[in-house]
Amino acid sequence: MDSKNNVTYFVLLGLTQNPKGQKVLFVLFLLVYISCMAGNMLIVLTVSVSKTLNSPMYFFLASLSLMDIIYPSAVSPRLILSLLSGQNSISFRFCMTQLFIGHFFGGAEVFLLLVMAYDRYVAICKPLHYLFIMKQWVCVVFLVVCLAAGFLHSVIQLSTVYGLPFCGPNVIDHFVCDMYPLLKLVCTDTYVVGLLVAVNGGVVCSSVFLLLLVSYTVLLRSLKNLSQAGRRKALQTCSSHITVVVLFFVPCIFTYARPAKTFPIDKSLSVFYIIITPMLNPLIYTLRNSEMTNAMKKLWRSLRKICLTG
């Protein structure tokens, strides 16, 4: 830590200072977090044990669910406890850890969504070569690359803020340690650092989002070559992917693809892509996916049978 750093902990103001509002948010976020963990764990378990869900699409879906378990877990438990106890302080090191984990898995998810779009492109546009192109080792390499890209992104973000001098005050007007709220507390000029953060976060996120829009445009245009049944199935899958992409990328782009400033709406957007979207992903990917819902029903019947006979 820099020798000029006089801050050993931060105070997160959270979402509201109203005691009644905090109780309402405690119940709400507790239910959301439990739903998020249960839904994503169910997807991971279903894909792991099901013999029918062995395609690359479900491998990536299970990987996305794992990220949606870890990513909000860096923020939600502490937020829930602070709403219950009113204790809003967070140590400097834990703040940096929260920042690192959030950007690590959030960044990896950005690139994983791009890989999932490529997987759908190959499956729909080159169905005869799908299994040859998307071999198991290729899928593993794609996942490792996504994690490596997320790790590099997070290291760059952390390195830009970790050594900066925090002389005080130490009050963060947010519920999570993030780049722009932290830069407001630095007692030196942060213009260059802010540009680096915008490039590393906003430009990358915007570029991937544009690539995704182009890829799904190509996919939707290619659906006319499919049969009616194939077109319906492809539309269901693509619509789920597009919904997740929009819910994740739009708030993320607004938050990071701009100068290093903070706005009141930032908290609401952060709640959406850190807490709400990981909870919605299992619903979006399973409600319109008959293969997944049938596999979950089969898993439920098997577990029920084991419980009854045991």
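Every value quoted in this text rests on a predicted model; they were computed, and no experiment measured them. (Residues numbered from 1 in each chain as written. Predicted model: local features only at pLDDT ≥ 70, side-chain atom pairs only at ≥ 80, totals over all residues. Heavy atoms only, no water.)

### Section: helix 6 (residues 136-162)
How we decide: The secondary structure listing takes helices from DSSP runs of H or I that are at least 4 residues long and strands from runs of E that are at least 2 residues long, numbered from the N terminus. What a helix should span is 1.5 Å times the count of its residues minus one. Think of it in three bands: residues with accessible area under 20% of the maximum for their type are buried, residues over 50% are exposed, and the middle band is partly exposed, with areas taken using a 1.4 Å probe on protein chains only. Contact criterion: two residues are considered in contact whenever any of their non-hydrogen atoms come within 4.5 Å of each other.
Between its first and last C-alpha atoms helix 6 spans 38 Å; for 27 residues at 1.5 Å apiece the expected length is 39 Å, and the two agree. Along helix 6, the positions that sit buried rather than exposed are Val138, Cys139, Leu143, Cys146, Gly150, His153, Ser154, Gln157, Thr160 and Val161. In this fold, the buried residues of helix 6 make contact with helix 2 (56-73), helix 4 (92-125), helix 5 (130-133), helix 7 (179-183) and helix 8 (191-222).

### Observations regarding the packing of helix 8 against helix 9 (residues 228-256)
Between two packed helices, the angle of one axis relative to the other and the distance separating the axes together describe the packing. Note the following rule: The axes are straight lines fitted to the C-alpha atoms, using for helices just the contacting stretch, and the angles between their N-to-C directions are given from 0 to 180°. Put simply, angles under 35 degrees are roughly parallel, angles over 145 are roughly antiparallel, angles from 65 to 115 are roughly perpendicular, and the rest are oblique. Each crossing is labelled by how the near helix is turned from the far one, with a counterclockwise turn of less than a right angle marking it left-handed and a clockwise turn marking it right-handed.
With their axes 10 Å apart at the nearest point, helix 8 and helix 9 run at an angle of 160 degrees to one another. Regarding the angle of helix 8 to helix 9, the classification is roughly antiparallel. The handedness of the crossing between helix 8 and helix 9 is left-handed. For the pair helix 8 and helix 9, the contacting residues are Ala198, Gly201, Gly202, Cys205, Ser206, Val208, Phe209, Leu212, Tyr216, Leu219 and Leu220 in the first and Leu235, Cys238, His241, Ile242, Val245, Phe249, Val250, Cys252, Ile253 and Tyr256 in the second.

### Some points on the UniProt feature "transmembrane region" (unreviewed entry) in the protein
This is how it is decided: UniProt positions are given in the numbering used here, feature names are shortened, and annotations may be inferred rather than shown by experiment.
According to UniProt, the "transmembrane region" (unreviewed entry) feature falls on residues 24-45, 57-80, 100-118, 130-156, 191-219, 240-257 and 269-287. As annotated, residues 100-118 comprises 100% helix and 0% strand, and the C-alpha atoms at either end are separated by 27 Å.

### Notes on the state of the cysteines
By definition, a disulfide links two cysteine residues through a covalent bond between their sulfur atoms. Put simply, the rule is: When the sulfur atoms of two cysteines come within 2.5 Å, that pair is taken as a disulfide.
Going through the model one piece at a time under the given rule, you end up with 2 disulfides. Covalent S-S linkage joins Cys95 and Cys177, the inter-sulfur distance amounting to 2.0 Å. Measuring the twist about the S-S bond at about -125 degrees, one finds the Cys95-Cys177 disulfide to be left-handed. Of this pair, Cys95 sits in helix 4 while Cys177 sits in the loop between strand 3 (171-172) and helix 7, and the two are 82 residues apart along the sequence. The class of Cys177 is buried, set by a relative accessible area of 3%. Cys167 shares a disulfide with Cys187; S-S distance 2.0 Å. The sign of the 50 degrees torsion about the S-S bond sets the Cys167-Cys187 disulfide as right-handed. Taken together, the residues Cys167 in the loop between helix 6 and strand 3 and Cys187 in the loop between helix 7 and helix 8 connect sequence positions 20 residues apart. Across the protein, the disulfide pattern expressed with sequentially numbered bonded cysteines is 1-3, 2-4.

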